[in-house]
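Working through the structure, step by step
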Amino acid sequence: MEDQVKHTDTGGDSSHPNDSRRDFLVKVSAASGAVTAVIVGFPVVRAFASPGLPQPHVDGWVKVADDIALIDVGVPVRVNFVQQLQDAWVESRALNGVWLYTEDGDKFKAYNGHCTHLGCSYIYDKDLKHFFCPCHRGQFDPKTGEVLAGPPPRPLDELQVEIRDSAVWVNYKDYRLGVSERIEA
Ligand code: FES
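Residues numbered from 1 in each chain as written. Predicted model: local features only at pLDDT ≥ 70, side-chain atom pairs only at ≥ 80, totals over all residues.

**Description of the sheet that holds strand 3 (residues 90-102)**
Worth spelling out the cut-off: Pairing between strands is defined by DSSP: at least two bridges between them are needed. A run of DSSP states H or I qualifies as a helix once it reaches four residues; a run of E qualifies as a strand once it reaches two. Both are numbered from the N-terminal end. All axes here are fitted lines through C-alpha atoms, helices being fitted over the stretch that makes contact, and every angle between N-to-C directions spans 0 to 180 degrees.
Pairing is antiparallel in the open sheet, where six strands are placed in the order 1-10-9-4-3-2. On the outer flanks of this sheet lie strand 1 (61-65) and strand 2 (77-87), each paired with one strand and no other. For this sheet, the mean angle separating the axes of adjacent strands, direction not counted, is 35°.

Have a look at this one:
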């Protein structure tokens, strides 16, 4: 029959329409694979490389009081605040607190609001005139932060304080709990 289809061996000639389509699909597939590798790979590379890259500035200074004239003298006052945190490339917020104490309305002390034992929030006992931690009955001296009783292994964590235009600013930091040395967390 004359109308039979004849298959001719072209000896590897890629000019056949099917071969062109296959080449095209291979190229598209390779290109999309490369794009996917970049998209997936970049965060991974960045995660490993980030410790060596400049980190976003982390400012621990927090304004905890607008006016020093409004702070009681001789009685600690607790101030809570929300702090913006930057851990590597992750941003988050945390509710933290400090205790402010002044004996003369001029010089201020600030203590991290977490007990140095296991991190509970402590209170000021007006009768005892001490800080008191309800978790394991730890007690601290508000004038010095020293441990007066209970299991806390070190004094309260005192923080840097600055007075700027009558406002009180504290350089808030957390420290490792349950150890006698003061090590930044
Ligand atoms: S957590 Fe404060 S005494 Fe244990």
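**Structural notes on the pairing of strand 2**
Sheet topology note: the strand 2/strand 3 ladder contains 11 bridges and is antiparallel. Bridging across to strand 3, V77 finds its partner in L100. The antiparallel hairpin formed by strand 2 and strand 3 contains two residues in its connecting segment, where A88 sits at a positive phi of about 55°.

**What about the confidence of the model for the protein chain?**
The following threshold applies: One number per residue, pLDDT, summarises how confident the predictor is, and it ranges from 0 to 100. Any residue pair is listed as a contact if its two C-beta atoms, each placed from the backbone, are within 7 Å.
With 71% of its residues at a pLDDT of 70 or more, the protein chain has an overall mean of 81. Low pLDDT, under 50, characterises residues 1-14; the stretch is placed with three contacts to residues that sit more than four places away or in other chains. Here residues 41-57 scores under 50 on pLDDT; set against residues more than four positions off or in separate chains, the count is three contacts.

**Description of the nonpolar core**
Operational definition: Throughout this description, the term nonpolar core refers to a group of buried Ala, Val, Leu, Ile, Met, Phe, Trp, Tyr and Cys residues whose C-beta atoms join them within 7 Å. Three exposure classes are used, based on other C-beta atoms lying within 10 Å of a residue's own C-beta, which is placed from the backbone: buried for 20 or more, exposed for 12 or fewer, and partly exposed in between.
V98, W99, L100, A110, Y111, L159 and V170 are the most contacted members of the largest nonpolar core, which totals 18 residues. Sorting the residues of this core by element identifies strand 3, strand 4 (108-112), strand 6 (130-133) and strand 10 (167-171) as the ones contributing at least two each. Per-element accounting of this core gives the leading share, four residues, to strand 3. When residues no more than four places from it in sequence are discounted, the contact partners of L159 are V98, A110, Y111, N112, V170, N171, Y172 and K173.

**Some remarks on the sheet that holds strand 7 (residues 138-140)**
Read across the sheet, four strands follow the order 5-6-7-8 without closing on themselves; strand pairing throughout is antiparallel. Edge positions in the sheet fall to strand 5 (123-125) and strand 8 (147-149), since each has one partner strand and no second. Put simply, the sheet's adjacent strands are angled 40° from each other on average, direction ignored. Bridging between strand 7 and strand 8 involves two bridges; their strand directions are antiparallel. From the neighbouring strand, F140 faces strand 8, where its bridge partner is V147.

**Regarding the pairing of strand 6**
Side-chain positions along a regular strand alternate between the two faces of the sheet. Along strand 6, the buried face is formed by F131 and C133; none of H130 and F132, which line the opposite face, is buried. Here strand 5 runs beside strand 6; their pairing, made up of three bridges, is antiparallel. What sits directly across from Y124, in strand 6, is F131. Turn length for the strand 5-strand 6 hairpin, with the two strands adjacent in sequence and antiparallel, is four residues, and the turn residue K129 shows positive phi of about 60°. Direction of pairing for strand 6 relative to strand 7: antiparallel, over a ladder of three bridges.

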